[in-house]
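Chains, contacts and geometry: an overview
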Amino acid sequence: MVTLDVLADLGRKIDETAPRLADLDAYYAGRQPMAFLSAKSRLALGNGLRSLSVNFPRLVVTSLAERLRVDGFRTDGPDSAPDTELWRIWRRNGMPEQSAAAHVEALALGRAFVVVWAGTDPAVPRITVESARQVAVQRDPATREVTAAVKRWTADGRAFATVFERDRITRYVSQASVVEGAGIPLTGWTVREVLDNRMGVVPVVALVNRGRLLDHDGVSEMTDVLDLTDALAKLHADALVTSEFYARPRRWATGLEIVEDEAGVPINPFGTEDGRVWQSEAPETRFGQFEQARLDGYGDLVATLTQEIGALSGLPPHYLGLNGDQPASADAI
């Protein structure tokens, strides 16, 4: 019964954090909705601009993740020889690639998880990297040690869950069918298997990015640049609207008689073909042209926001395309 309570409590935590993690996933993938695109702008573009992403959030994550790499293990201090057995286990589990995914996941979502358990080969433990969208942990408030963990997922029309505790590992399957992408029930589980945990500790390790003493869920590296990214997308959308409707010269004519069709719609006497000459036999006709809109202001604002993103993220100017009149030398980079 206690295990089912843990499953319900941690399942509820997964559900509560799911919307925020989905938003972060969308920003990382560049699929976030345009927060500032007005209805009029959307109508002016004929719904041709459904999304626009200047994907600095992913750049913030990948620029850090590509610098994180596990080169080996020492178990007896920094001056000891590398542990070749641990390295062999690490490589047998494909962890050089999986650890890179764990770093990206933790940097993007604020946390990731690693599960260590017995594999098919008794001499090689099984190591897997898990997403915060499927895993949650419970901690001792006094020691902050992980006291329980849950992983949930769906497959073949059913929901599955594994509860990791200090003394046992319990695996569940949902009694009812579950539609892929729908919510997973907090109750209605059937035990599939119970295993003794001889390790005496919960075999789940949390990789927390920028964790604090009272915040164990971590913070995404993208957090500080999300609103600025939305503002950049808004400026780019405005610039596109301006270039479509106002950056090209608009002509005007006065002194012309307006001719309408049978439906009362004015007929354009000049047409829209390129190179067509406008002419009128009426002597009082006057032609003119409005001055086209300039786009320089958009570029200045984009540069300002990009500089702010660089200041908050610590990314160098050449990563952000801010080279100026004198690009940085190779030595400076």
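Description of the structure in this document. Being a predicted model, the structure only gives us computed values, none of them experimental.

**Thoughts on the layout of surface pockets**
For the second largest pocket, the calculated volume is near 400 Å³. In this structure, the second largest pocket is lined by 14 residues; those nearest its centre are R133, Q134, R152, A182 and I184. When contributions to the lining of the second largest pocket are tallied by element, the ones reaching two or more residues are helix 1 (2-29) and strand 4 (146-155). Of the residues in the lining of the second largest pocket, the class split is 5 nonpolar, 5 polar and 4 charged.

**Here we look at empty space enclosed by the protein**
Within this structure, the stated rule accounts for 2 cavities of 30 Å³ or more. Reported here for the largest cavity is a volume of approximately 50 Å³. K13, I14, T17, R111, F113, A132, V135, A136, V137 and D217 are the residues that line the largest cavity. At the level of elements, helix 1, strand 1 (111-117) and strand 3 (135-139) are the ones that each hand at least two residues to the lining of the largest cavity. Of the residues that constitute the lining of the largest cavity, the class distribution is 6 nonpolar, 1 polar and 3 charged. Its volume calculated, the second largest cavity comes out at about 40 Å³. What lines the second largest cavity is simply K13, R111, F113, V137, R139, A206, V208, H216 and D217.

So, how was this worked out
- Residues numbered from 1 in each chain as written.
- Predicted model: local features only at pLDDT ≥ 70, side-chain atom pairs only at ≥ 80, totals over all residues.
- Heavy atoms only, no water.
- 1 Å grid on protein atoms, 1.4 Å probe; cavity = no way out; pocket = protein on both sides within 12 Å on 5 of 7 lines; lining within 4 Å.
- Points joined across faces, edges and corners; volume = space filled by probe spheres on them.
- Helix = DSSP H or I, 4+ residues; strand = E, 2+ residues; numbered from the N terminus.
- Nonpolar A, V, L, I, M, F, W, Y, C, P; charged D, E, K, R; others polar.

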